[in-house]
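Architecture and fold: a report
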Amino acid sequence: MEWTAQWIWTQEKLAPVNNFVRFRRVFEAQKRALCHITARSRYALYINGEYLGQGPVRSWPNHLRYDTYDLSPYLREGKNCIAVLVYDPVFGNFQYLPQPPGLLAQIETEQGVIGTDSTWKVSVEPAMVPVTPRISCQQAFEEQYDARKEEPWKCVNYEDSHWPQAHGVGPVTSDITLKPRDIPFLTLDPVLPQRIVKVEAVTSAPYIWNIFPKPYVAPGDYSTNNLLCHAYIFTQIWSPEETEAEFIRPKGDFQDFKLNGQLMSDVRVKLRQGWNQLLIPYEGMRHGVELCLVVRTESRLRFACRGDAGGSPWAVIGPFPLTQRQQQRAANHMDESLILCRPLVAAATAEAAVRVWEQQDLEWALEQPFFREVAAEDLPEVNVFAQSYTDKVHDEEVRIEAVEALLSDNHQWTTVYPVPGKDVRILLDYGDEVVGFQRLEVEAPEGTILDFHNFEFIQPDGRYNFAEGMNNSFRYICRGGRQSYQTFVRRGFRYSYVTIRDFHQPVRFRKLEVLHNTYPQRNTGSFQCSDALLNRIWQVGARTLELCSEDTYVDCPTYEQVLWVGDARNEALIDWVINGDPRLWYRCLELAGQSLERSKIVESHVPSAWQNILPAWSLLWMRSCWEYYLFTKDRAGSEKLLQFVKENVAGLRSYLNRQHLLDIRAWNLFDWAPMDTPTRGVVTHQNCLAVVALREAATFAASLGEPDTARDFEVFAQGLDEAINRYLWNETKGAYTDCLRPDGSMSPVYSQQTQTVAYLSGVAKGERAESCRRIIYDPPEDFVRSGSPFFQFFLLEALKQDQRDQEFIDIIRRDWGFMIEMGATTFWEMWHRDKPRMTRSHCHAWSAAPTYFLSTHVLGVRPIQPGFDKVVIEPHPGDLKWCRGTMPTLLGPITVYWYRDQEVLRVEVSAPEEVQVEFNCPQGTVRILNGLIID
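In this text the structure is predicted, and so the values were computed from the model without any measurement.

Rules of the game
- Residues numbered from 1 in each chain as written.
- Predicted model: local features only at pLDDT ≥ 70, side-chain atom pairs only at ≥ 80, totals over all residues.
- Heavy atoms only, no water.
- Axes fitted to C-alpha atoms, helices over the stretch in contact; angles between N-to-C directions.
- Helix = DSSP H or I, 4+ residues; strand = E, 2+ residues; numbered from the N terminus.
- Parallel < 35°, antiparallel > 145°, perpendicular 65-115°, else oblique.
- Left-handed = near helix turned anticlockwise from the far one by under 90°.
- Contact = heavy atoms within 4.5 Å.
- Nonpolar A, V, L, I, M, F, W, Y, C, P; charged D, E, K, R; others polar.
- Pairing = 2+ DSSP bridges.
- Buried < 20%, exposed > 50% of the residue type's maximum accessible area, 1.4 Å probe, protein only.
- Polar contact = N/O pair within 3.5 Å; in protein donor to acceptor, adjacent residues only side chain to side chain.
- Core = buried A, V, L, I, M, F, W, Y, C linked by side-chain atoms within 4.5 Å.
- Phe/Tyr/Trp six-rings, centres within 6.5 Å; stacked < 30°, edge-to-face > 60°.
- Lys NZ or Arg CZ within 6 Å of the ring centre and 35° of its normal.
- Arc of directions from axis to C-beta.
- Salt bridge = Lys/Arg side-chain N within 4 Å of Asp/Glu carboxyl O.

**Quick look at the packing of helix α15 (residues 789-801) against helix α17 (residues 849-859)**
Contact geometry of α15 with α17 gives a least axis separation of 10 Å together with a crossing angle of 15 degrees. Comparing the axis directions of α15 and α17 gives the class roughly parallel. Here α15 and α17 pass one another in a crossing that is right-handed. Side by side, α15 and α17 meet where F793, L796, E797 and K800 of the first sit next to A849, Y852, F853, T856 and H857 of the second. Across the contact of α15 with α17, the residue classes break down as 5 nonpolar, 2 polar and 2 charged.

This is the structure in structure tokens:
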């Protein structure tokens, strides 16, 4: 489209981070209007006070997307008001890069075009609290909303004459690609809680601190929350008497500390009467660089970094030059992006650091230029997660009327009565994992606080799996009377604590729902068989995939919401057998390919302010490009992807060493297991993955009519294959080593994972393949074994290749059945049968492998020519009596039903006329295609 609008922003003074800016424009329209809109980085759109949606989809700053809304159903005769809330976190995260903020919108009406310009009004949103804790390094900031400052600014009749005019910050220029949204809008389906778990009276710890030192040790660095640092965080605590105190670290985010010069590791400490000095190390390679400290005590304490002289409650001392241990960590760091997250300067000498920590000469430190008080405006008033996480439960009875009304949409109100001196919290269970925007309708006195603290799982042993690694929480401060609110931040959870604070009169609720917000699911694929457990596993995998599908595939709906490129490869295959929708798949492949504009090979997660390489993920992305073409036959899109693949292969070549092996300084992860995959060195699984990725890329190139490119990829793969077998095989061990050490010697670590990839890639041949096969299925005691459901994807692939059908089905029953048995309604990131907490994330689509394999292997439908022009029907029954299901294709659904008829396996297939069906079934099979018996 032709853009006549220009980018606009505000000239008002903004907070250093976490800014919400309001825009509005009153216009005349009669019957029809379209709105094209985008923003850096997020917006929420309203027309005449009605919420329409949020966007745009995540993208690289120079490859933006815009959304288009039909405003017609919401228009009134005469004046209408478009209102937009735009969010600029300032700090980068794992979804957005720091970039100049702005709003761009263009409204097309029957009367003409209205574009963003200086006629729009703009104002900072006063109800959004700007200084709040980070949710996590992957996400932005905790949402806190003060409705006492709310204004009806989204309505036509709101008086905005006191608002400034918007400031034009430039037209749409050719250096930024601006394209329409390439996927549907996400769902907005209301979900109510299913049960009330408990109601309790609680009190909070009296002192909760959240300190963000990064601006004081790396000023001006807004890239990510990553930091390589050597500094200290300091305060002095005045106590009127000798007293006991408990120091609680909700995120476990700092090491042992010194209190009055003594090293402390216990959270329970004794404060002396008068001033106490607290010194906390702030060092190491850190993702989450905030420090959260909760102090619970019966005494009234005072915090002042300068003691009697007052000053800020907290100070940062440093940064100092890295210690020898830190320098070693830096040398072994996972990739070359380290320079992006080190402090810009060291403010003091190493000798000064010794004087501060070892000698505890803090009076001297107070007078040094590297002693900097944390400004009061940089200290959040509350950390909702920390406060909710550390609330103390009391036995007082809580009076509630019509609590069951929270579970229905019958317009009845639930009334909660205050408990003197206490807060009240209600634990809601939504019955299943949900992800989206939380909505509330409440009637409350002014100043009543509503805190929401969300989590995913309650274990069978009663343990609550809180999200200690993130602030899955928000605060709403009520104005007086009846009101409603919908959160701006999207969250994933199953359970939600709603805590009512500072209330002395009854509070009434009518709705505490979630607008479930995922990529719309077609659900055109299906699977059923004679085993109810396998049916349940397929469905739970489908639900897991849905919750990990938004504007990209993401690892999980809760902790990160990040497009991890390796996860996405598996998720795309799983998605296909459920939905057969290629749009999200292509979007993820393209976003990953665009990372080649700043890195040699495709990055690990995109688009992100943390520039990180994880080679296995880059190689899985290459495989996914070919798989995309195989499943869709999208030639135009695939030709673009092939150009990215060529760039990626060129990047891989730059990492070849003299032995013709890949030697990449990177995060060389493959599984959450103690494999030997150093940051620097030749890593075997990586080289094996490159072989299979290159060979599939050769098939990809040949299919698109580039035989020379195909031959080039094949030659590269063959060279790697030969080098792996020459340098990485240990004849005595009968296995491939995990890696070569810097001196060229073999690592003593051997793993099931490395043998699996060597076998699947075809690198292992003959007797070596047989040896790998034995290790895969029965690893010796001294071999590293599977550490996550993610790796099991490749284990199932090996079982499938070897047609070990019964073992294939039994492993799915055992490992995924374990999660079902433990109460999972979505599949987990990891499984720990022998640990108190069995996983971190309880919804991780990299773990939904059975959904894909049950459809492609057990039901037995897979493409053998691009676009399902030709498919093979190859059932693998194991001990199953029957199976039926549907495989989506762009040509139409393929349905299969097979069942045992005494000694004969009968297979019935219905397929589109354009699809050529090839059968590969056991002897004695009767095959029926579209009602015709063909054998």
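**Considering the sheet that holds strand β44 (residues 870-873)**
Strand order in the open sheet formed by 3 strands is β43-β44-β48, with mixed pairing between adjacent strands. Whereas interior strands pair on both sides, the edge strands pair on one side only; in this sheet they are β43 (861-863) and β48 (916-919). Direction aside, the axes of adjacent strands within the sheet are offset by 30 degrees on average. Where β43 and β44 come together, 3 bridges link them in antiparallel fashion. Note on β44: the bridge partner recorded for P863 is V871.

**As for the sheet that holds strand β45 (residues 882-887)**
Read across the open sheet, the 6 strands follow the order β38-β45-β46-β47-β49-β50; overall the sheet is mixed. Every other strand in the sheet has two partners, leaving β38 (526-529) and β50 (932-933) as the edge strands with one partner each. When β38 meets β45, the two strands line up antiparallel, connected through 4 bridges. Within β45, the position partnered with F527 by the bridge is G885.

**Focus on the pairing of strand β3 (residues 33-40)**
With respect to burial, β3 is a largely interior element, 7 of its 8 residues being buried. Pairing geometry for β3 and strand β6 (residues 63-70), over 4 bridges, is antiparallel. Opposite I37, over in β6, you have D67 as the bridge partner.

**A word on the side chain of S595**
Mapped onto the fold, S595 is located in the loop between α8 (583-594) and α9 (615-632). On the basis of relative accessibility, which here comes to 0%, the residue S595 falls in the buried class. Only 2.6 Å separates the side chain of S595 from the backbone oxygen of A592, close enough to count as a polar contact. A polar contact is formed between the side chain of S595 and the backbone nitrogen of E603, at a distance of 3.1 Å. Once you skip the residues sitting within four places of it in the chain, S595 turns out to touch W60, V602, E603 and V606.

**As for the environment of L795**
Tracing the backbone shows L795 in helix α15. Note on L795: relative accessible area 6%, which makes it buried. Apart from the residues lying within four places of it in its own chain, the contact partners of L795 are Q752, T756, I776 and I811.

**Comments concerning the nonpolar core**
Counting 158 residues, the largest nonpolar core has W621, M622, V645, W816 and I894 as the members making the most contacts within it. Here this core takes 12 residues from α9, the largest share from any one element. Residues Y216, V217, F257 and V289 belong to the second largest nonpolar core, which totals 81 residues.

**A look at the packing of aromatic side chains**
Overall, the coordinates contain 67 aromatic pairs when judged by the stated rule. Between W576 and F631 the ring centres are 5.7 Å apart and the planes differ by 70 degrees, which places this aromatic pair in the edge-to-face class. With W576 in helix α7 (residues 565-579) and F631 in helix α9, this pair connects stretches of sequence that are 55 residues apart. Residue W576 is classed as buried on the basis of its relative accessible area of 1%. The structure contains a cluster of three or more aromatic residues connected by ring pairs, namely W617, F670, F790, F791, F793, F794, F808, W846, Y852 and F853. Seen from the ring of Y46, K154 lies directly overhead, with NZ or CZ sitting 4.8 Å from the centre. Directly above the ring of F818 sits R833, whose terminal nitrogen or CZ lies 4.4 Å from the centroid.

**Concerning the pairing of strand β46 (residues 894-901)**
One ladder, built from 6 bridges, connects β45 with β46; its direction is antiparallel. Within β46, the position partnered with T886 by the bridge is T895. With antiparallel pairing between neighbouring strands as the criterion, β45 and β46 make up a hairpin whose turn holds 6 residues, including G892 at a positive phi of roughly 130 degrees. By the bridge criterion, 7 bridges tie β46 to strand β47 (residues 904-910) in an arrangement that is antiparallel. When the bridges of β47 are listed, R900 appears paired with L905. Connecting the antiparallel pair β46 and β47 is a turn made up of 2 residues, with Q902 showing a positive phi of about 55 degrees.

**Let's talk about the side chain of S388**
With respect to the element layout, S388 can be found in helix α5 (residues 384-389). Accessibility expressed as a relative area gives 4% for S388, which makes it buried. Apart from the residues lying within four places of it in its own chain, the contact partners of S388 are R425, D451, H453 and R501.

**Observations concerning α17**
Across the 11 residues of α17, 11 count as buried, placing the element largely inside the fold. One or two steps after α17, the chain reaches G860, where phi turns positive at roughly 95 degrees.

**Examining helix α3 (residues 350-357)**
Listing the buried residues of α3 in full gives A352, A353, V356 and W357. Viewed end-on, α3 has its buried residues packed into an arc of 120 degrees, placing them on one side of the element.

**Let's talk about the pattern of salt bridges**
The full count for this structure, using the stated rule, is 63 salt bridges. One salt bridge connects K198 with E200, and the closest N-O pair in it is separated by 3.7 Å. When the shortest N-O distance is used, the salt bridge between R695 and D721 registers 3.2 Å. One end of the pair, R695, is in helix α11 (residues 684-703); the other, D721, is in helix α12 (residues 707-727), and 26 residues separate them in sequence. Take D721: its relative accessible area is 3%, and that puts it in the buried class. What you see here is one network of salt bridges that share partners, running through D391, D423, D451, R475 and R501.

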